Amino acid sequence: MSSNRTASIIVVALLHVVLGYALVTGLAYNVIKNAASDLKTFDVNEPPPPPEEKPPPPEKQPNTPPPPQVVAPPPLVRTNIVTPQIQTVSIAPPPVITPTARPAPPAPPAPPAPVKRESARAKGSLVGLFSPEDYPNSALSANEQGTTAVRLTIGTDGRVSGCEVTSGSGSSALDTATCNILRRRARFSPAMDSNGQPTSDSYSQRITWRVPAE
């Protein structure tokens, strides 16, 4: 049953195709025929072209001389100038000959120092040269006291020519007062050399300062 039904559908479809084709071709033929009958043709007569006008004669040009031709200058040719090399020769200055001085003759040996035969001696007690009135006021106000050790330089005249503090008392006022008093008041018998002549000498001394009791 299915095969017969399929065959029937195919036949019906073919009939529709044939009828549609016939209908379309028939209508197209009638349309072309009517259009051909309505088309009217006629001839168009174009007017003749106008005659060509002759161009006017050219105006006479004045006879002017042609401008002078500008001639480009010849190209510059650069030439490499080779400068000659100057060679300098350094001339050494002449040697300076300095005369060599002759060595100085050796100095004669110093004469031997005279042998000290006797040392300087103090005339009296150096401690006795100090009194409570010599106590510096600044040291009294600060309650300063201590021992000052000095080295005295004794000249040939027996006087003190120099004073050096070798051990301070802790008070600069006491140390300064010690040297000042010894320079003014101390007297010595000068030292004697081996020839019996006076010579300089040194002498050491210690001075103790104590705040005087009230």
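Check the entry above for the structure.
Figured I'd write up the structure that's included with this text.

Rules behind the numbers
Residues numbered from 1 in each chain as written. Predicted model: local features only at pLDDT ≥ 70, side-chain atom pairs only at ≥ 80, totals over all residues. Heavy atoms only, no water. Helix = DSSP H or I, 4+ residues; strand = E, 2+ residues; numbered from the N terminus. Expected span 1.5 Å × (residues − 1). Buried < 20%, exposed > 50% of the residue type's maximum accessible area, 1.4 Å probe, protein only. Disulfide = S-S within 2.5 Å. Pairing = 2+ DSSP bridges. Axes fitted to C-alpha atoms, helices over the stretch in contact; angles between N-to-C directions. Contact = heavy atoms within 4.5 Å. 1 Å grid on protein atoms, 1.4 Å probe; cavity = no way out; pocket = protein on both sides within 12 Å on 5 of 7 lines; lining within 4 Å. Points joined across faces, edges and corners; volume = space filled by probe spheres on them. Nonpolar A, V, L, I, M, F, W, Y, C, P; charged D, E, K, R; others polar. Core = buried A, V, L, I, M, F, W, Y, C linked by side-chain atoms within 4.5 Å. Phe/Tyr/Trp six-rings, centres within 6.5 Å; stacked < 30°, edge-to-face > 60°. Salt bridge = Lys/Arg side-chain N within 4 Å of Asp/Glu carboxyl O.

**So, helix α3 (residues 172–185)**
Within an α-helix, residues lying three or four positions from one another point in the same direction, as the helix has 3.6 residues per turn.
Link 1 in the chain: Look at α3: 20 Å from first C-alpha to last across 14 residues, which is about the 20 Å you get at 1.5 Å a residue.
Link 2 in the chain: Residues of α3 that are buried include every one of Leu174, Asp175, Ala177, Thr178, Cys179, Ile181 and Leu182, and no others.

**Examining the state of the cysteines**
Link 1 in the chain: A full pass over the atoms with the stated rule returns one disulfide.
Link 2 in the chain: In this model Cys163 forms its disulfide with Cys179; the gap between the sulfur atoms is 2.2 Å. One disulfide, between Cys163 and Cys179, carries an S-S torsion of -65° and so falls in the left-handed class. Linking Cys163 in strand β4 (residues 160–167) with Cys179 in helix α3, this pair joins segments that are 16 residues apart in sequence.
Link 3 in the chain: Judged by its relative accessible area of 7%, Cys179 is buried.

**Concerning the sheet that holds strand β8 (residues 201–209)**
Link 1 in the chain: Across the sheet, which stays open at both edges, the three strands sit in the order β4-β3-β8 with antiparallel pairing between neighbours. Edge strands, defined here as strands with exactly one partner in the open sheet, are β4 and β8. Across the sheet, the mean angle separating the axes of adjacent strands is 30° when strand polarity is ignored.
Link 2 in the chain: Strand direction decides the pairing type here: strand β3 (residues 146–154) and β4, joined by six bridges, are antiparallel. When the bridges of β4 are listed, Ile154 appears paired with Val160.
Link 3 in the chain: On top of the sheet, α3 reaches β3, β4 and β8; it is set at about 35° to β3, its chief contact.

**Brief notes about the layout of surface pockets**
Link 1 in the chain: Estimated volume of the largest pocket: approximately 160 Å³.
Link 2 in the chain: Lining the largest pocket are Val127, Phe130, Ser131, Pro132, Tyr135, Ile207, Thr208, Trp209, Arg210 and Pro212.
Link 3 in the chain: Looking at the lining of the largest pocket, its residues break down into seven nonpolar, two polar and one charged.

**Digging into the nonpolar core**
Link 1 in the chain: Core analysis: the biggest nonpolar cluster contains 19 residues, and Leu152, Leu182, Phe188 and Trp209 have the highest contact counts within it.
Link 2 in the chain: Those elements that provide at least two residues to this core are β3, β4, α3 and β8.
Link 3 in the chain: The greatest single-element share of this core, amounting to five residues, is contributed by α3.
Link 4 in the chain: Sequence-distant contacts of Leu152, defined by excluding residues within four places in its chain, comprise Leu126, Val160, Gly162, Cys163, Leu182, Phe188, Asp201, Ser202 and Tyr203.

**Things to note about the packing of aromatic side chains**
Link 1 in the chain: Evaluated as defined, the whole model comprises three aromatic pairs.
Link 2 in the chain: Taking 5.4 Å as the distance between ring centres and 90° as the angle between the ring planes, the aromatic pair formed by Tyr135 and Trp209 counts as edge-to-face. With Tyr135 in the loop between β2 (121–122) and α2 (137–141) and Trp209 in strand β8, this residue pair connects regions lying 74 residues apart in the sequence.
Link 3 in the chain: Residue Trp209 is classed as buried on the basis of its relative accessible area, which comes to 4%.

**Quick look at the pattern of salt bridges**
Link 1 in the chain: Applying the stated criterion across every chain yields a total of three salt bridges.
Link 2 in the chain: Here Glu118 ties to Arg121 by a salt bridge, and the two come within 3.3 Å at their closest N and O atoms.
Link 3 in the chain: A salt bridge links Arg185 to Asp134, with the shortest nitrogen-to-oxygen separation between them at 2.8 Å. Residue Arg185 is found in helix α3, and its partner Asp134 is found in the loop between β2 and α2; the two are separated by 51 residues along the sequence.
Link 4 in the chain: Judged by its relative accessible area of 30%, Arg185 is partly exposed.
Link 5 in the chain: What makes Asp134 buried here is its relative accessible area of 17%.

The values are spatial; any link to function lies outside them.
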